[in-house]
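Spelled out from the first residue to the last, the chains are:
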Amino acid sequence: MTKFDARLLDPDLLPDYLWNKNTDRLTLPEPLAIAYVNLVDQKNLRELSANRDKGPVGGLTQESADEHFAQAFDGSAARAMLAVLDPKNEIGSTSNNFIRSTAGAALALTDAPCGAGAATLSFLTTIAELRKASVLPRVPLKVHLIAGEFSNYAVNHAKDMFASVLDFLEEQAITVELNFVSWDVTDPVSTTTLIKNCVIKGSVAPAKLLVVANFNGFLVREKRQKDARPQLDELFRYASGEKSFAIWIEPDMNRATGNGGFFSFLLSFFNNTLSKFGIVDANKNADGPAFRSSAKFSLPLQPGNFAAVRLAVMPIDLTKNSL
């Protein structure tokens, strides 16, 4: 794979309680792991969490949201953490884009679909841990989070998780304003509402970051790519601007990264649809449409045990060209 040397986050400075290069293992930030274990137990989901092999994609019912949270939240969080840290220097500008987005006084962060918040919670608590370890500077950062999600049950999990980690984030000078928006990617009306929130919050923040994570299960399995495309077009257009980045994260599986898979659709989407808006794709990856990395992560619910985490990611520079 292509190696990128101009890193803002030096992998050699990563604390070993987050990344152990000798064992190739990630450990989720402790406040996030504790919050997850506590909520699983509070909601009596530990037995449900034992079956990790089903690959749940979430849904609109309480049962499907609980299943996804119990079985997939920690893996999704580990995947986002791997994208932030990039400890093996394998995934292009992804880590740099995460770090750049936190360099100013305020960040408009859109997470859509947010699910139970795994990607954003992992991103923010990882940044906070790096600040605590003096790897990153502890400067005040106001995060305006716009979280789009169609499942109210998943949103309830996200709200509970955020409530558990906000104090830890504030100890590292990160304050978060939560804005949850009901969003259906196939619906133009709800997409307009989401975009209005993005525009309002983006007007008071010097940096914008759009995170899309774990979406191919819905778009591919349910065959909704064609229905979703106009709304994705609008979302990415309005997310563009100065100091604007997007990061699309998926599990590295054949459905996503295989020949003609989901990331091939994304590459075509960005090159053909968004190019007319002057949006630059800064990454030319000779190995395929997505960058890939893998590691192991310690299971919060099973101390001493670990699981594999496989990441496929596409970082996109959404800075508008002068037209």
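Residues numbered from 1 in each chain as written. Predicted model: local features only at pLDDT ≥ 70, side-chain atom pairs only at ≥ 80, totals over all residues. Heavy atoms only, no water.

A. The overall build of the protein chain, seen in detail. On a plain count of helices and strands, the protein chain comes out with eleven helices and nine strands. Considering the protein chain as a whole, with its 323 residues, one finds that 58% of them fall into the buried category. Per element, the accessible surface of the protein chain, about 13600 Å² overall, is 49% carbon and sulfur. (Helix = DSSP H or I, 4+ residues; strand = E, 2+ residues; numbered from the N terminus. Buried < 20%, exposed > 50% of the residue type's maximum accessible area, 1.4 Å probe, protein only. Areas by Shrake-Rupley, 256 points an atom, 1.4 Å probe, with all protein chains shown as cover.)

B. The arrangement of the environment of Arg25 in detail. Take Arg25: it is sitting in strand 2 (residues 25–26). Once the C-alpha coordinates of Arg25 and Phe306 are considered, the two residues, 281 residues apart in sequence, prove to be 8.2 Å apart. If we ignore the near neighbours within four places in the chain, the residues touching Arg25 are Leu18, Trp19, Asn20, Lys296, Phe297, Ser298 and Phe306. (Contact = heavy atoms within 4.5 Å.)

C. Local environment of the pattern of salt bridges. For the structure on display, the rule yields nine salt bridges. One salt bridge connects Glu177 with Lys201, and the closest N-O pair in it is separated by 2.9 Å. Here Glu177, found in strand 5 (residues 174–182), pairs with Lys201, found in helix 7 (residues 188–202); they are 24 residues apart in sequence, far enough to count as distant. Residue class for Lys201 comes out buried when judged on its relative accessible area of 17%. With a shortest N-O distance of 2.3 Å, Glu234 and Arg237 are connected by a salt bridge. Of this pair, Glu234 and Arg237 both sit in helix 9 (residues 225–239), separated by three residues, roughly a single helical turn. Exposure remark for Glu234: the relative accessible area of 28% places this residue in the partly exposed category. (Salt bridge = Lys/Arg side-chain N within 4 Å of Asp/Glu carboxyl O.)

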